[in-house]
Amino acid sequence: MSLVIYLNGEFVKEEEAKISVFDHGLLYGDGVFEGLRSYNGKIFKLDEHLVRLYNSAKAILLEIPLKFEELKNVIVETVKRNNLKDSYIRVVVTRGVGDLGLDPRKCPKPTIFVIASSIQLYPETLYERGVDVVTVPTRRILHESLNPAIKSLNYLNNILAKIEATNAGATEGLILNQFGYVSECTGENIFIIKENILKTPPVSAGILEGVTRKVVMDIGKNIGLEVKEENLTRYDIYTSDECFLTGTAAEIVPVVSVDKRIIGDGRPGKITKKIRKEFQIIIELEGFSIYE
Ligand code: PMP
């Protein structure tokens, strides 16, 4: 079945959802995006994702052509028109059509589109077994160059890291920053648990401030863990009791080895499982209702 896509003020069929080869989102990765999910007819953390989108756009001096509430309605409407209850939603805003030069002043009108599709769930075995992670050679981009806190369409840094992880036979790649501290994985934030303290790198380590990351930090506090944002080295990861990754698509994925160092007893950790359970409860309860 063909999807209904929101594109620049209209709802069109997937086959008709086309953008120009002169769009600077395509030519230069000049734009921003968000990935959201709906669970059982409710969009999870809609406001939080939109705040990040508008902040990303502000950081690259891109004006989103819809107001916050208007975009919210468009997203809800897109999911509705596709009759989806459980979905993955992609919101993209680009600099728009310009000439072949870089100058964004030549792009008078941003391009905006929203895709809502049925979610391709990661196989349950991945959560039961846990994943293997390797440290990749590609380093995180300096925040003074292109701040990783901006969810921009420039994902080559992450893509190169993903290729390196795949080449090394691992599921995910651990990216270090220029100081050798851990930043995050290619599309997920990283957490460790050591002696009942839940630790994750700070935003200054060169991460995207994940929406799931925040939810997990709150869960940690609620179940009585001390929660710390601090710089972590590979040693900290290798010697952790438990380790897991967080992201909208992946949710919470246990890590069972990093650079062949077995984490804990080599199986998903007890506290990780508890956090996953709490996360499942939250996604059932919360969210912006689509069909009311
Ligand atoms: N880091 C990167 C680089 C990401 O692209 C993402 C989103 N997939 C995340 C972390 C996790 O963020 P969120 O929990 O908001 O999906």
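Details of the structure are given in the entry above.
The notes below deal with the structure included here. A quick note: this is a predicted structure, and the numbers were derived from the prediction, not measured. (Residues numbered from 1 in each chain as written. Predicted model: local features only at pLDDT ≥ 70, side-chain atom pairs only at ≥ 80, totals over all residues. Heavy atoms only, no water.)

Backbone geometry at N40 places phi at a positive 45 degrees, although glycine is not the residue there. Checked against the element boundaries, N40 lands in the loop between β3 (31-39) and β4 (42-43). One non-glycine residue, E251, lies in positive phi territory at about 60 degrees. (Helix = DSSP H or I, 4+ residues; strand = E, 2+ residues; numbered from the N terminus.)

Right, let's get into the site of the ligand. Not every one of the 17 residues close to the ligand is listed here, only the nearest: Y155, E184, V211, T212 and T248. In the environment of the ligand, an oxygen atom lies 2.8 Å from a nitrogen or oxygen atom belonging to the side chain of R52. One of the side-chain N or O atoms of Y155 is found 2.5 Å from an oxygen atom in the ligand. When isolated, the ligand has an accessible area of 390 Å², and the protein chains bury 92% of it. Of all the cavities here, the one that holds the ligand is the largest pocket. (Near = heavy atom within 4 Å. Polar contact = N/O pair within 3.5 Å; in protein donor to acceptor, adjacent residues only side chain to side chain. Areas by Shrake-Rupley, 256 points an atom, 1.4 Å probe, with all protein chains shown as cover. 1 Å grid on protein atoms, 1.4 Å probe; cavity = no way out; pocket = protein on both sides within 12 Å on 5 of 7 lines; lining within 4 Å. Sits in = over half its atoms within 2 Å of the grid points.)

Counted according to the given criterion, the structure contains 6 aromatic pairs. Aromatic pair Y39 and F44: ring centres 6.1 Å apart, planes at 85 degrees, arrangement edge-to-face. Note on F44: relative accessible area 7%, which makes it buried. Note on F44 and F279: the rings are 5.8 Å apart at their centroids and 85 degrees apart in plane angle, and the pair reads as edge-to-face. Within this pair, whereas F44 is found in the loop between β4 and α2 (46-59), its partner F279 is found in helix α8 (residues 270-285), the two being separated by 235 residues in sequence. The exposure classification of F44 matches that of F279, with both residues buried. Three or more aromatic residues joined by ring pairs make a cluster, and in this case those are Y39, F44 and F279. For R81, the ring lying beneath its charged end belongs to F11, and the centroid distance is 4.1 Å. The ring of Y238 carries the charged tip of R261 above its face, separated from the ring centre by 4.2 Å. (Phe/Tyr/Trp six-rings, centres within 6.5 Å; stacked < 30°, edge-to-face > 60°. Buried < 20%, exposed > 50% of the residue type's maximum accessible area, 1.4 Å probe, protein only. Lys NZ or Arg CZ within 6 Å of the ring centre and 35° of its normal.)

The tally for this structure, following the rule as stated, stands at 20 salt bridges. Among the ionic pairs, K106 bridges to D99, the shortest N-O distance being 3.4 Å. The structure contains a network of salt bridges with shared partners spanning D47, E69 and K72. (Salt bridge = Lys/Arg side-chain N within 4 Å of Asp/Glu carboxyl O.)

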